[in-house]
Amino acid sequence: MKIYNTLSGKKEDLKLLNQKRLNFFVCGPTVYNSSHIGHARTYVFFDTAVKYLRFAGYKVFYLQNITDIDDKIINRANELGQEPLFLSRHYTNEYFKDMQELRINSVSKYAPASKFIPQIITQIKTLIKKKYAYATPGGVYFDITKFPQYGKLSRQSLKSLKKAVRIEPDANKRHDFDFVLWKAKKIGEPFWKSPWGDGRPGWHIEDTAISEHFFGSQYDIHGGGVDLKFPHHESEIAQQEAASGKIPFVKYWMHTGHLLVSGTKMSKSLKNFITIHDLLKKHSTEAFRLLVLQNHYRSPLNYTDKSIQATEEGLKRIEEFMTRLKKIRNPKSQIPNKSKIQNSKLTQHVILSQTKNLNELLKKFTIAMENDFDTPKVIAGIFNFIKKINGLIDKNLFSTKEAANAIAALKKIDIVLGIMPKIKEEEIPDAIKKLAEEREKYRKEKKWTEADKIREKITRAGFIVEDMPTGLNIKKAGA
Ligand code: AMP
């Protein structure tokens, strides 16, 4: 398994710190508003990555924090006249619902920051004791000059940062780039007691305190959107490596590209802000997951009406294909064309080549996923497979058993991808099946008028009969 590591800038072989378990942390949302499709892009990808690792046999513990106390939350709560923790609880619950709707169910543990205050305080105490941090009346700060490696993830030096980043003056800090670990209480803000007075945690410290609690001071993979690389992830490295003295804090850093809407960053003022709830009113979960997975996770993803509609079309092809396979596997709704099936006894050669197709599908899936989760290649492989098998079905070269195997293979892959729509088996009433058989009898006798009359009867009852190479197919009109 190869993973692109932002820290080294290379694809590297995945080698676990501890063979028993793969510890995977992904930054969760700041819950001050409804989650949007940018969040959905990042979390659909990590859901797929974790599901693949489990599919490949790794025992993954997938941990996600929830930033439920933060400046943005306090500001929004003040605007709405609500308690910040009440507001963040509301949006946390909404986030869980959104994740469920998106078929994201791989997270082992969600950890809200407000529930880990003692762990946060312990870590800050360690940093002060080791002289990496200092307390002021305004709060506790990390002294960036004590950690010269700061910038190693985003490959920046402090000097270049000084030129590039504008920092608001803060009389409490020793150096402009020192970042806050604990913020002293301000009127009207939620607070907790600490050795440095009442206050609340800074943003970066919650992640390392939570990950240390569950994983210890080192772990395997840390993920998040590319916007978090600096300063958030950079500061996490400084905190944890300073606190424990163990390097590296995290072995592999993974970053997803940003989702843009029609080429621009989403924003409320531009009116191009799409919440997950809005998305799912118009489009299916499967279409969105397909859109995400058709694009490489490290590239930006441009969401447009056209791009989601195109994936809806792709999804329809998958759906039609699955329905077709199910009908072959389970010929309940099919009147077999006996002569054709008898004439086309599947030769050993054909069966072998079909098995080869299935093996190839699974093999290509594994190869692509093991190469830094190359999901676009996986999706292309599925569409190729559909084309190939449709060709065989058209030539009446696909048996019931092979259809069952193909469905099983696709379902296996879909445990990871979550893009296959759930298809209801169609219920065709016995009376309709009888009519279709009668019509077939007339057709064989070349009694076209009688056959057409029966077809009309079937149509009036709301069903359609199609003459397929494998026999007759009956379906509900509009299905
Ligand atoms: P936030 O709620 O802003 O703290 O973001 C939570 C996670 O979603 C982080 O990993 C972000 O990088 C990611 N994220 C936020 N906006 C986008 C976006 N437009 N595209 C992709 N990921 C995003």
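Going by the annotation in an unreviewed UniProt entry, the name recorded for the protein chain is Cysteine--tRNA ligase, with Candidatus Sungbacteria bacterium RIFCSPLOWO2_12_FULL_41_11 given as the source organism. Of the protein chain, the UniProt comment under Catalytic activity (unreviewed entry) reads exactly: "tRNA(Cys) + L-cysteine + ATP = L-cysteinyl-tRNA(Cys) + AMP + diphosphate".

Section: the overall build of the protein chain
Scanning the protein chain from N- to C-terminus turns up 16 helices and 16 strands. Projected onto the principal axes, the alpha-carbon positions of the protein chain cover approximately 95 × 50 × 35 Å. For the protein chain, buried positions account for 49% of its 479 residues. Of the contacts formed within the protein chain by residues at least 6 apart in sequence, a portion of 78% connects residues at least 24 apart.

Some details on the pairing of strand S7 (residues 139-142)
Sheet topology places strand S6 (residues 133-136) next to S7; four bridges connect them, and they run antiparallel. In the sheet register, Ala133 faces S7, and the bridge partner there is Phe142. Remark: two residues form the turn of the hairpin made by S6 and S7, two consecutive strands paired antiparallel. Two strands pair when backbone bridges link them, and S7 and strand S8 (residues 179-184) are joined in this way by four bridges, in the antiparallel orientation. Pairing of Gly139 across the sheet is with Lys183, part of S8.

Structural notes on the nonpolar core
Soluble globular proteins: nonpolar side chains tend toward being buried together. Counting residues in each nonpolar core, the largest one holds 81 residues, and the members touching the most others are Phe24, Phe288, Leu325, Phe373 and Leu417. For this core, the element with the highest residue contribution is helix H1 (residues 37-55), accounting for ten residues. Split by domain, the residues of this core number at least three in each of domain 1 (2-256) and domain 2 (305-417). Not counting residues within four places of it along the chain, the set of residues in contact with Leu325 comprises Ile389, Ile393, Phe398, Ala403, Ala406, Ile407 and Leu410. Grouped together as the second largest cluster of nonpolar side chains are 37 residues, Leu63, Phe177, Ala238 and Phe249 included.

Remarks on the site of the ligand
Taken together, 15 residues surround the ligand, and among them His39, Thr42, Gly225, Asp227 and Leu259 come closest. Within the side chain of His39, a nitrogen or oxygen atom sits 2.9 Å from an oxygen atom of the ligand. Within the backbone of Leu259, an N or O atom sits 2.8 Å from a nitrogen atom of the ligand. When the ligand sits alone it has 490 Å² of accessible area, and the protein chains cover 90% of it.

Examining the packing of aromatic side chains
Scanning the entire structure with this criterion turns up 27 aromatic pairs. Ring centres of Phe24 and Tyr62 lie 5.8 Å apart, and the angle between their planes is 50°; on these two criteria the pair is classed as tilted. Of this pair, Phe24 sits in strand S3 (residues 22-26) while Tyr62 sits in strand S4 (residues 60-66); the two residues are 38 residues apart in sequence, bridging distant segments of the chain. For Phe24, a relative accessible area of 0% puts it in the buried group. When the ring of Phe142 is compared with that of Phe179, the centres are 5.0 Å apart and the planes differ by 5°; the resulting orientation is stacked. In this pair, Phe142 is assigned in strand S7 and Phe179 in strand S8, connecting sequence segments 37 residues apart.

Things to note about the packing of helix H13 (residues 375-394) against helix H14 (residues 400-417)
At their nearest, the axes of H13 and H14 sit 13 Å apart, and the two run at 160° to each other. Between H13 and H14, the interaxial angle falls into the category roughly antiparallel. Read as a crossing pair, H13 and H14 show a hand that is left-handed. Here Val378, Ile379, Ile382 and Phe385 of H13 lie close against H14, whose contacting residues are Ala406, Leu410, Ile413 and Leu417.

Rules used throughout
Residues numbered from 1 in each chain as written. Predicted model: local features only at pLDDT ≥ 70, side-chain atom pairs only at ≥ 80, totals over all residues. Heavy atoms only, no water. UniProt positions renumbered as here; feature names shortened; annotations may be inferred. Helix = DSSP H or I, 4+ residues; strand = E, 2+ residues; numbered from the N terminus. Buried < 20%, exposed > 50% of the residue type's maximum accessible area, 1.4 Å probe, protein only. Contact = heavy atoms within 4.5 Å. Pairing = 2+ DSSP bridges. Core = buried A, V, L, I, M, F, W, Y, C linked by side-chain atoms within 4.5 Å. Domains from an automatic or database assignment. Near = heavy atom within 4 Å. Polar contact = N/O pair within 3.5 Å; in protein donor to acceptor, adjacent residues only side chain to side chain. Areas by Shrake-Rupley, 256 points an atom, 1.4 Å probe, with all protein chains shown as cover. Phe/Tyr/Trp six-rings, centres within 6.5 Å; stacked < 30°, edge-to-face > 60°. Axes fitted to C-alpha atoms, helices over the stretch in contact; angles between N-to-C directions. Parallel < 35°, antiparallel > 145°, perpendicular 65-115°, else oblique. Left-handed = near helix turned anticlockwise from the far one by under 90°.

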